[in-house]
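# Structural overview for review
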Amino acid sequence: MWKIQQVFPNPMDMLKTWRIDPDAGKVYSLQQKREIGVYSKINQRVYICYIDKNGKSHQLKRSHIIYYFANKEMPNKSTMMIDHHDQDSTNDQITNLRPKTSSQNRDNTSKRNGCSSRYKGVSWHKKTGKWLSKLRMDNQNYHAGRFDDELQAAKEYDMLYWRVKRSTLGMNFPELLEEYLRKLNEPAPRYE
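Residues numbered from 1 in each chain as written. Predicted model: local features only at pLDDT ≥ 70, side-chain atom pairs only at ≥ 80, totals over all residues. Heavy atoms only, no water.

Further remarks concern the packing of aromatic side chains. Note on aromatic pairs: each is described by the distance of the centres and the angle between the planes. Tallied over the full model, the rule gives six aromatic pairs. Aromatic pair Trp18 and Tyr50: ring centres 5.5 Å apart, planes at 65 degrees, arrangement edge-to-face. Here Trp18 is found in strand S1 (residues 18-21), whereas its partner Tyr50 is found in strand S5 (residues 45-51), with 32 residues between them in sequence. Both residues of the pair, Trp18 and Tyr50, belong to the buried class. Feature note: the residues Phe8, Trp18 and Tyr50 constitute an aromatic cluster, connected by ring pairs. We note Arg19 situated over the ring of Tyr28; from NZ or CZ to the ring centre the distance is 4.2 Å. Residue placement shows Lys72 over the ring face of Phe69; its charged tip is 4.8 Å from the ring centre. (Phe/Tyr/Trp six-rings, centres within 6.5 Å; stacked < 30°, edge-to-face > 60°. Helix = DSSP H or I, 4+ residues; strand = E, 2+ residues; numbered from the N terminus. Buried < 20%, exposed > 50% of the residue type's maximum accessible area, 1.4 Å probe, protein only. Lys NZ or Arg CZ within 6 Å of the ring centre and 35° of its normal.)

If you want it as structure tokens, here you go:
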């Protein structure tokens, strides 16, 4: 169960303490008459401290408060999490918060720091002296191959990503989708 549901089983109870503005992604204290929230440098999120009627202190993510208030419920915690679509964990506007699986959440991340490549899904393979392009999904590895050129490995990763996930969300170059589809002999997707 989400911590916020333990503290506030009824979303309307939050309105006794706070004014919540889902469009702006802000929470205001009714008592202090100002915006509240503490930024954590550890995980780059904004937290709101709340002391319940028993005197117990709780730290709640502002994104969870806004999502919960706007939707009157949280997604199933065993399969879903709240994702920041623009990857800015301080942008808690309701239009930026979406329920995602952990796999979808990983797709919506940028390349990690400290990696050998500039591109997502590409790494340097010391034994062969080539760039390795691979994707992991649902505990399964998919390999696009080894390449002399890092950029080519990134493009091959994108094509593999499209074949496996049918999404542009985690691609290095989503703007090249039409070029990839021509190489894969696939029609362009129809968006409705």
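Our focus in this paragraph is the sheet that holds strand S4 (residues 38-40). Across the sheet, three strands lie side by side as S4-S5-S6; this open sheet has antiparallel pairing. The open sheet has two edge strands, S4 and strand S6 (57-61), and neither has a second partner. For this sheet the average axis-to-axis angle between neighbouring strands, irrespective of direction, equals 40 degrees. In terms of strand pairing, S4 meets S5 through three bridges, oriented antiparallel. Considered in S5, the bridge of Val38 is made with Tyr47. Sheet strands touched by helix H2 (residues 62-71): S5 and S6. Its angle to S6, the strand with the most contacts, is close to 75 degrees. (Pairing = 2+ DSSP bridges. Axes fitted to C-alpha atoms, helices over the stretch in contact; angles between N-to-C directions. Contact = heavy atoms within 4.5 Å.)

It is worth spelling out the environment of Asp92 at this point. Locating Asp92 in the fold gives a position in the loop between strand S7 (81-84) and strand S8 (97-100). Accessibility expressed as a relative area gives 2% for Asp92, which makes it buried. Considering only alpha carbons, one finds Asp92 and Ala70, 22 residues apart in sequence, at a separation of 12 Å. Excluding its chain neighbours within four sequence positions, the residues that come into contact with Asp92 are Pro22, Gly25, Val46, Arg62, Ser63, Ile66, His84 and Leu97. Here His84 takes part through its side chain, which lies 2.7 Å from a polar atom of the side chain of Asp92. (Polar contact = N/O pair within 3.5 Å; in protein donor to acceptor, adjacent residues only side chain to side chain.)

What follows concerns unusual backbone geometry. In this structure, Lys33 takes a positive phi of about 55 degrees despite not being glycine. With respect to the helices and strands, Lys33 occurs in the loop between strand S2 (26-29) and strand S3 (34-35). Overall, the relative accessible area of 72% leaves Lys33 in the exposed class. In this structure, Gln44 takes a positive phi of about 55 degrees despite not being glycine. If you trace the backbone, Gln44 turns up in the loop between S4 and S5. Its relative accessible area of 38% is what places Gln44 among the partly exposed residues.

Pairs can form between side chains of opposite charge once their charged atoms are near each other. Overall, the coordinates contain eight salt bridges when judged by the stated rule. Through salt bridges with shared partners, a single network forms among Lys26, Glu35, Arg62 and Asp92. (Salt bridge = Lys/Arg side-chain N within 4 Å of Asp/Glu carboxyl O.)

Further remarks concern the environment of Gln59. Inspection of the secondary structure assignment puts Gln59 in strand S6. Owing to a relative accessible area of 47%, Gln59 belongs among the partly exposed residues under this scheme. Separated by 15 residues in sequence, Gln59 and Gln44 place their C-alpha atoms 14 Å apart. If we ignore the near neighbours within four places in the chain, the residues touching Gln59 are Lys3, Tyr47, Ile48 and Cys49.

Right, let's talk about the sheet that holds S2 for a bit. Strand order in the open sheet formed by three strands is S1-S2-S3, and the pairing between neighbours is antiparallel. The sheet is open, and its two edges are formed by S1 and S3, each paired on a single side. In this structure, S1 lies alongside S2, joined through four bridges in antiparallel fashion. Directly across from Arg19, in S2, lies its bridge partner Tyr28. Sitting on the sheet, H2 touches S1, S2 and S3, and the angle it makes with S2 is about 95 degrees.

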